[in-house]
Amino acid sequence: MDENYWIRKLTYEEINFPIEWAKQEGWNPGLYDKDCFYQADSGGFLGGFINNQLIATISAVKYGEKFGFIGFYIVKPDYRKQGYGLKIWQEAIKSLSDRNIGLDGVVSQQDNYRKSGFKLAYRNIRYQGISNHNIEINKTVIDLSSISFEIINNYDKQFFPDDRTNFLKQWIRQPESKVLGIIEGDKLRGYGMVRVCDFGYKIAPLFAENFSFAESIFVALQSNIPEGKTFYLDIPEVNHQANILVDKYNLNLVFETARMYNREIPSLPVDKIFGVTSFELG
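Please read these numbers as outputs of a predicted model, since none were measured by experiment.

A. Examining the overall build of the protein more closely. Tallying secondary structure elements over the protein gives eight helices and 13 strands in all. For the protein, whose C-alpha radius of gyration is 19 Å, the value lies close to the compact-globule estimate of 19 Å for 282 residues. Long-range pairs, those at least 24 residues apart, make up 74% of the contacts in the protein with a sequence separation of at least 6. When the accessible surface of the protein is totalled, it reaches about 12800 Å², and 46% of it is carbon and sulfur.

The structure is reproduced here in C-alpha cells:
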C-alpha cells in the first residue's frame, strides 16, 4: 500500500464521485439522491486519496443517537486487493463505533462482513418491471404533496431504527418524483414514492399496513412512470406478501443484497415493508 494514502471527509461537491462510481457499478442511484444523502449526515462520506487522487469511498452515515449505516464502499478497480479498501472500511467502522451499524452488502462480500462482526438479518431483492398504464387505479390513493410532512414522518418512524427526519424531508421532495399514499380517517395507512434514476425509475420506499394498501399504492406509483419504462422495487425477502406482489405483476429478479447488522437486528415490521428506501443509506 502506498504510504501517501490518506483518508478524509468528502465535501458536498465530492459526493458526486461515489454516486458516479455507483452508477458504473450498476447500482443505479437516483438522479437527485446527492442532496438527500448530504442532508442525512453532511460529514458521513469518506474518501481515500493518493497524491490528491480519490481512489476509494465509503459512507458512514449517523442517524439519531444510536444507529449508523454504511454504503458506497467502492475502491477504483486498479487499487483493489491492496489494503486501501480495508483501511477506509476500518475508518468508517471507527466513526460509528458507538452505534448499531447496518449495511446492504453484495452477497459475495457477506463472509468478509461476517468476519467484521456483522450478522445476516435477511436478503433484500431487487425486482425489475415495465410500467403499465392499463391497470385500474384505486381512488383511495392520493397525492401526499399537500399534506403535512409530520404525518408522513410520524408514520415512517416505525420502519427505521432511529431518527431520519432530515433525510426524509429532502427525500420526498426530490424533483421528478411522486409521493402517494392512503389515508383513512386522519391516519396514514401506507405510502410510497417513485423517483427517476440513472436508468429508469425506482419505487422506494413502499410501506403499508397490509397487502391491499401496498398493491393499490404500487399500482398508482407505477402508473406515474411513463408508459413502457423500466422501474425497480427492492423488497425484503422475508416479507411473504411482498413476494406475492412482485409475482402478481411479473417483476423479474435482477439483484440482491445481504442486509446485515453488527449488533442487534432492529425489531422492524418487515411484514409492512414492501419496498426498501435505499441500499446506500438504509
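B. Spotlight on the side chain of T277. Within the fold, T277 resides in the segment after β13 (273-275). With a relative accessible area of 4%, T277 lands in the buried category. Side-chain polar atoms of T277 contact the side chain of R164, separated by 3.2 Å. Residues contacting T277, with those up to four places away along its chain left out, are R164, F167, W171, R195, A204, P205, F207 and G282.

C. Quick peek at unusual backbone geometry. Between A204 and P205 the backbone carries a cis peptide bond, its omega angle lying at 5°. In this structure, P205 sits in strand β10 (residues 201-208). Unusually for a residue other than glycine, N51 sits at a positive phi of about 50°. Tracing the backbone shows N51 in the loop between β2 (45-50) and β3 (53-63). Take N51: its relative accessible area is 58%, and that puts it in the exposed class. Even without being glycine, E176 reaches a positive phi, approximately 55°.

D. Fine view of the pattern of salt bridges. Scanning all chains against the criterion turns up 16 salt bridges. Note that E20 and K23 form a salt bridge whose closest N and O atoms lie 3.7 Å from each other. One end of the pair, E20, and the other, K23, are both in helix α1 (residues 16-24), three residues apart, so they sit about a helical turn from each other. Residue classification places E20 among the partly exposed residues on the basis of a relative accessible area of 36%. Given a relative accessible area of 27%, K23 falls into the partly exposed group. Between R126 and D234 there is a salt bridge whose closest N-O contact spans 2.7 Å. Within this pair, whereas R126 is found in strand β6 (residues 119-130), its partner D234 is found in strand β11 (residues 230-236), the two being separated by 108 residues in sequence.

Criteria and cut-off values
Residues numbered from 1 in each chain as written. Predicted model: local features only at pLDDT ≥ 70, side-chain atom pairs only at ≥ 80, totals over all residues. Heavy atoms only, no water. Helix = DSSP H or I, 4+ residues; strand = E, 2+ residues; numbered from the N terminus. Rg over C-alpha atoms; globule rule 2.2 N^0.38 Å. Contact = heavy atoms within 4.5 Å. Areas by Shrake-Rupley, 256 points an atom, 1.4 Å probe, with all protein chains shown as cover. Buried < 20%, exposed > 50% of the residue type's maximum accessible area, 1.4 Å probe, protein only. Polar contact = N/O pair within 3.5 Å; in protein donor to acceptor, adjacent residues only side chain to side chain. Salt bridge = Lys/Arg side-chain N within 4 Å of Asp/Glu carboxyl O.

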